[in-house]
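# Inside the fold
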Amino acid sequence: MSETTPESAGPAPARRYSRGVVILVGLAAGTVVAVGMSSIRSILGPVLLTVVLTICAQPVRTALERRGVPRGLATGSVVLVLFAGLAGLAYTFVIAVTQFVAMLPDYADQFAAIAANFGDFLQKLGVGTNEIEQVKSGFDPSAIAGFFGGLVGGVASITATLVIILTMLILLAADASYVPTVLVQLGQRRPHLKEALVEYASGVRRYMVVTTVLGLIQGAINGIALWLLHVPAALLWAILAFLCSYIPNIGYFIAIIPPLVFGYFVGGWPTFIAVIIIYGLVNAVVQSIIQPRVVGNAVALSQSLTFFSVLFWAIVIGPIGAVLAIPLTLLARAVLVDADPTMRWWRPALGDVGEARSIMAAADAEAKANRHRDAGHTHEQRTRRSGTGTHPPIPPRDEE
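Residues numbered from 1 in each chain as written. Predicted model: local features only at pLDDT ≥ 70, side-chain atom pairs only at ≥ 80, totals over all residues. Heavy atoms only, no water.

This part covers the overall build of the chain. When helices and strands are counted, the chain shows 16 helices and zero strands. In the chain, which comprises 400 residues, the proportion classed as buried is 32%. Considering only contacts in the chain between residues 6 or more positions apart, those separated by 24 or more positions represent 74%. Entry remark: accessible area of the chain is about 24400 Å², with carbon and sulfur atoms responsible for 68%. (Helix = DSSP H or I, 4+ residues; strand = E, 2+ residues; numbered from the N terminus. Buried < 20%, exposed > 50% of the residue type's maximum accessible area, 1.4 Å probe, protein only. Contact = heavy atoms within 4.5 Å. Areas by Shrake-Rupley, 256 points an atom, 1.4 Å probe, with all protein chains shown as cover.)

Take a look at the structure:
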């Protein structure tokens, strides 16, 4: 007697609890999970980053094995390349931040002038004196240096994070050799879950690879432009632009603010406007034209959900969460929605609007055809009332 799986079961059983109770319990459970994840963010963030990197590197390792490279050598080479690139980026960022913090005292007068002008503006709006002083304290170079120092976390913290990533890369890459067989076994019992995981891996791989390549191009162009404009710490802002390319919707604004400020310090309004134009053009071409066409429907998340996911994951696991917001949200959708056939109707509400666009296009075409038909009928009625159209023309009267 064959075992009946939940996916091939008959009619759904009657509900034991109301929909409201289920939603409230689900939200409560999600809150507990989010708080628990936030409490271990120092190790969870690097682990999740390693999982995404392993997914992206899996096809390269498989291709090397097919070409005859031993499994251990293929795994080790991929791990070393990934880790070397990540470590190089991390320490380059640390060096750039260190140089930036060292040059901040040279711009103390400019920051003080901006703080004074902004304070006068707030005072005209009726803001209290204490609040104005708190805002002005944020323009202190020491406060800015403390912010960037806390963002980096120090060499020791970065080294500990890289050790976790390296260890997890080695272990996950070794375990990844069993993934094809495990997926075959999973497909025999939970075909929808297997399909969801395979689709998730493919979509995340395409998104991350495309975003990385385009982010490198975007950061390089912005960095060269800032260097030509003599904006201080151009390398740091180029790296920031690359990292912020992973953060949809708000990454552009995070990346442009520092070069705008320091561009204004060294070149005034012309440099300020030039930075806006360069960043705007590069972002429009890369983020709005090239990336959507290359990534296609691999993400399929609504703009509002994408924005919320950035805020949510940044609060839960910190800056790494903002960078991994799209992959983590896609993973949650794959497990909670795509793996359950009874929940797939949620996909259009979450952003998979391909079918909705087709329906809207057909409706627009029908409405346009109706307008043309109605306009034709109205024109025919007008011509009949004016004595033209299908009626024969009245011959002119002979002059007397």
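We now examine the UniProt feature "transmembrane region" (unreviewed entry) in the chain. Look at the UniProt record and you will see "transmembrane region" (unreviewed entry) annotated at residues 20-37, 43-60, 72-97, 207-229, 235-257, 269-290 and 310-336. Secondary structure across residues 20-37 comprises 100% helix and 0% strand; the distance between its end C-alpha atoms is 26 Å. Spanning residues 43-60, this segment combines 100% helix with 0% strand, and its end C-alpha atoms are found 26 Å apart. (UniProt positions renumbered as here; feature names shortened; annotations may be inferred.)

This brings us to the packing of aromatic side chains. One pass over the structure, following the stated rule, counts 13 aromatic pairs. A network of ring pairs unites the aromatic residues Tyr107, Phe111, Trp237, Phe262 and Phe265 as a single cluster. (Phe/Tyr/Trp six-rings, centres within 6.5 Å; stacked < 30°, edge-to-face > 60°.)

Right, let's talk about the confidence of the model for the chain for a bit. Reading fine detail from the predicted coordinates is not recommended where pLDDT is low. Looking at the chain, the pLDDT average stands at 80 and 86% of residues meet or exceed 70. Confidence scores differ between elements of the chain, with helix α6 (residues 141-152) showing the lowest mean pLDDT of 70 and helix α9 (residues 191-228) the highest of 90. Counting contacts from residues 1-7, a segment whose pLDDT is below 50, to residues more than four positions away or on other chains yields 10 contacts. (pLDDT = per-residue confidence, 0-100.)

Below, the discussion takes up unusual backbone geometry. In the Ramachandran plot, alanine 233 falls in the positive-phi region, its phi being about 60° despite a non-glycine side chain. With respect to the helices, strands and loops of the structure, alanine 233 is situated in the loop between α9 and α10 (234-244). Non-glycine residue asparagine 249 carries a positive phi angle of around 70°. Topologically, asparagine 249 is positioned in the loop between α10 and α11 (251-295).

With 26 residues, helix α2 (residues 41-66) should reach 38 Å at 1.5 Å per residue; the first-to-last C-alpha distance of 37 Å fits that figure. The largest bend along α2 reaches roughly 40° and is located at alanine 57, with the proline proline 59 sitting one to four residues downstream. Positive backbone phi, at 100°, marks glycine 68, one or two positions downstream of α2. (Expected span 1.5 Å × (residues − 1). Bend = angle between axes of the 7 residues up to and from the residue.)

With that out of the way, let us pick up the packing of α2 against helix α3 (residues 71-103). At a closest axis distance of 9 Å, the pairing of α2 and α3 adopts a crossing angle of 135°. Relative to α3, α2 is oriented oblique. Our pair here, α2 against α3, has a crossing hand that is right-handed. Here Leu49, Leu53, Ala57, Val60, Arg61, Leu64 and Glu65 of α2 lie close against α3, whose contacting residues are Arg71, Ala74, Thr75, Ser77, Val78, Leu82 and Leu86. When the residues that make up the contact of α2 with α3 are grouped by side-chain class, the tally is nine nonpolar, two polar and three charged. (Axes fitted to C-alpha atoms, helices over the stretch in contact; angles between N-to-C directions. Parallel < 35°, antiparallel > 145°, perpendicular 65-115°, else oblique. Left-handed = near helix turned anticlockwise from the far one by under 90°. Nonpolar A, V, L, I, M, F, W, Y, C, P; charged D, E, K, R; others polar.)

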